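# Architecture at a glance
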Amino acid sequence: MSSGMYDDTARIAAKRAKLVSEKERWARERKRFGTPETPPGRRLPAGQHLVRDWPVLDLGTHPNIPAKDWTLRIEGLVDVPTTFDYRELSLIPQSERRVDIHCVTAWSRLGDTFSGVTTRDLIAEVRPRDEARFVLIKSYDGYTTNLPVDYLYEDDSLIATHWNGIPLTREHGGPVRLVVPALYFWKSAKWIRSIRFVAQDIKGFWESRGYHMLGDPWKEQRYA
Ligand SMILES: Nc1nc2c(c(=O)[nH]1)N[C@H]1C(S)=C(S)[C@@H](COP(=O)(O)O)O[C@H]1N2
Ligand SMILES: [Mo]
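Everything quoted here is computed from the prediction, not taken from an experiment.

## Some remarks on the packing of aromatic side chains
What characterises a pair of aromatic rings is the spacing of the ring centres plus the angle enclosed by the ring planes. Summed over the entire model, instances satisfying the criterion amount to 10 aromatic pairs. A centroid spacing of 6.3 Å and a plane angle of 85 degrees characterise the contact between Trp-70 and Tyr-86, whose relative ring orientation is edge-to-face. Of this pair, Trp-70 sits in the loop between strand S1 (49-50) and strand S2 (71-76) while Tyr-86 sits in helix H3 (residues 86-91), and the two are 16 residues apart along the sequence. On the accessibility criterion, Tyr-86 (26% relative accessible area) is partly exposed. Where Tyr-143 meets Phe-205, the ring centres are 6.0 Å apart and the plane angle is 40 degrees; that geometry is what we call tilted. Of the two residues, Tyr-143 is situated in the loop between strand S6 (134-139) and strand S7 (144-148) and Phe-205 in the segment after strand S11 (192-198); the sequence distance between them amounts to 62 residues. With a relative accessible area of 10%, Tyr-143 lands in the buried category. Aromatic ring contacts, followed pair by pair, group Tyr-143, Tyr-184, Trp-186, Phe-205, Trp-206, Tyr-211 and Tyr-223 into a single cluster.

## A look at the pattern of salt bridges
For the structure shown, the criterion picks out 11 salt bridges. Salt-bridge contacts for Arg-73 lead to Glu-75; the nearest nitrogen and oxygen are separated by 3.5 Å. Judged by its relative accessible area of 32%, Arg-73 falls in the partly exposed class. Of the charged contacts in the structure, one is a salt bridge between Arg-222 and Glu-220, with a shortest N-O distance of 2.8 Å. Given the relative accessible area of 38%, Glu-220 is considered partly exposed. In this structure, a network of salt bridges that share partners links the residues Arg-73, Glu-75 and Arg-196.

## Quick word on the sheet that holds S6
Here we have five strands laid out as an open sheet, ordered S3-S2-S11-S6-S7, and mixed in their pairing. Unpaired on one side and paired on the other, strand S3 (82-85) and S7 mark the two borders of the sheet. With strand direction ignored, the average angle separating the axes of adjacent strands in the sheet is 15 degrees. Pairing geometry for S6 and S11, over six bridges, is antiparallel. In the sheet register, Ile-137 faces S11, and the bridge partner there is Ile-195.

## Here we look at the pairing of S7
Burial of S7 is extensive: five of the five residues sit out of reach of the surface. Judged by which residues are buried, S7 turns out to be covered on both faces: Thr-144, Asn-146 and Pro-148 on one side and Thr-145 and Leu-147 on the other are all buried. The pairing of S6 with S7 spans five bridges and is classified as antiparallel. Across the sheet, residue Lys-138 finds its bridge partner in S7, namely Thr-144.

## Quick word on the pairing of S6
For S6, the buried fraction is high: five of the six residues fall into the buried class. What sits between the antiparallel neighbours S6 and S7 is a turn of four residues, in which Gly-142 has the positive phi angle 90 degrees.

## Quick word on the environment of Ile-123
As for its placement among the helices and strands, Ile-123 is situated in helix H4 (residues 119-124). Since its relative accessible area comes to 1%, Ile-123 is described here as buried. On a C-alpha basis, the gap between Ile-123 and Leu-152 in space is 8.0 Å, while along the polypeptide they are 29 residues apart. Not counting the four nearest positions on each side in its chain, Ile-123 is found in contact with Pro-128, Leu-152, Tyr-153 and Phe-197.

How each quantity is defined
- Residues numbered from 1 in each chain as written.
- Chains lettered and ligands numbered in written order.
- Predicted model: local features only at pLDDT ≥ 70, side-chain atom pairs only at ≥ 80, totals over all residues.
- Heavy atoms only, no water.
- Phe/Tyr/Trp six-rings, centres within 6.5 Å; stacked < 30°, edge-to-face > 60°.
- Helix = DSSP H or I, 4+ residues; strand = E, 2+ residues; numbered from the N terminus.
- Buried < 20%, exposed > 50% of the residue type's maximum accessible area, 1.4 Å probe, protein only.
- Salt bridge = Lys/Arg side-chain N within 4 Å of Asp/Glu carboxyl O.
- Pairing = 2+ DSSP bridges.
- Axes fitted to C-alpha atoms, helices over the stretch in contact; angles between N-to-C directions.
- Contact = heavy atoms within 4.5 Å.

What follows is the structure, given as structure tokens:
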């Protein structure tokens, strides 16, 4: 056998071993997360890997806002600018969605259940004007992020108060955070404070620092 042939054999064996261990890892993770309805290959965008524990990622301050003190201001290009407190939010029909979340730092979680009010139901109360095409979101820690209004009409976008049946912890954005599963998780503002409807897209915190304006994980829109 020539050394060239041996190299090929070794390379193929190494490739296969890698493939197998990858599949074994998938099998373990599928077991942990329960069997998804669709194959994990189709639920995990390119460049993402599954994590077991839910990482905490933010600017380093976790504002302490008791539910009784929390308010959400909705303003800008809407017919009925409104400030909702926690009780008023709880009077809007509550929804629950089982979703997958994808962070730009490459971790994903599949099948977490968030509940609260769909953004669609919430903004029906304020009636955005036709010229409102984007929103700029502000949070209690000073964080900001932007997204097209369309994403607030996605069926699984939520103003969330609960995660897997328990109130959102402070570190994960409690009492109330945004969850927009169709975009990378940096768009899902924790400790949400206001939503401003605007005609032109305005960069938020990470978007001003090189992150993509939209951030669709299925198109790997990580950086601009
Ligand atoms: N208010 C606020 N929201 C935020 C952030 C932040 O720093 N402040 N970080 C974003 C980023 S980059 C990510 S990945 C997710 C992390 O949410 P988690 O800590 O619940 O996993 O929150 C997003 N929302
Ligand atoms: Mo992130």
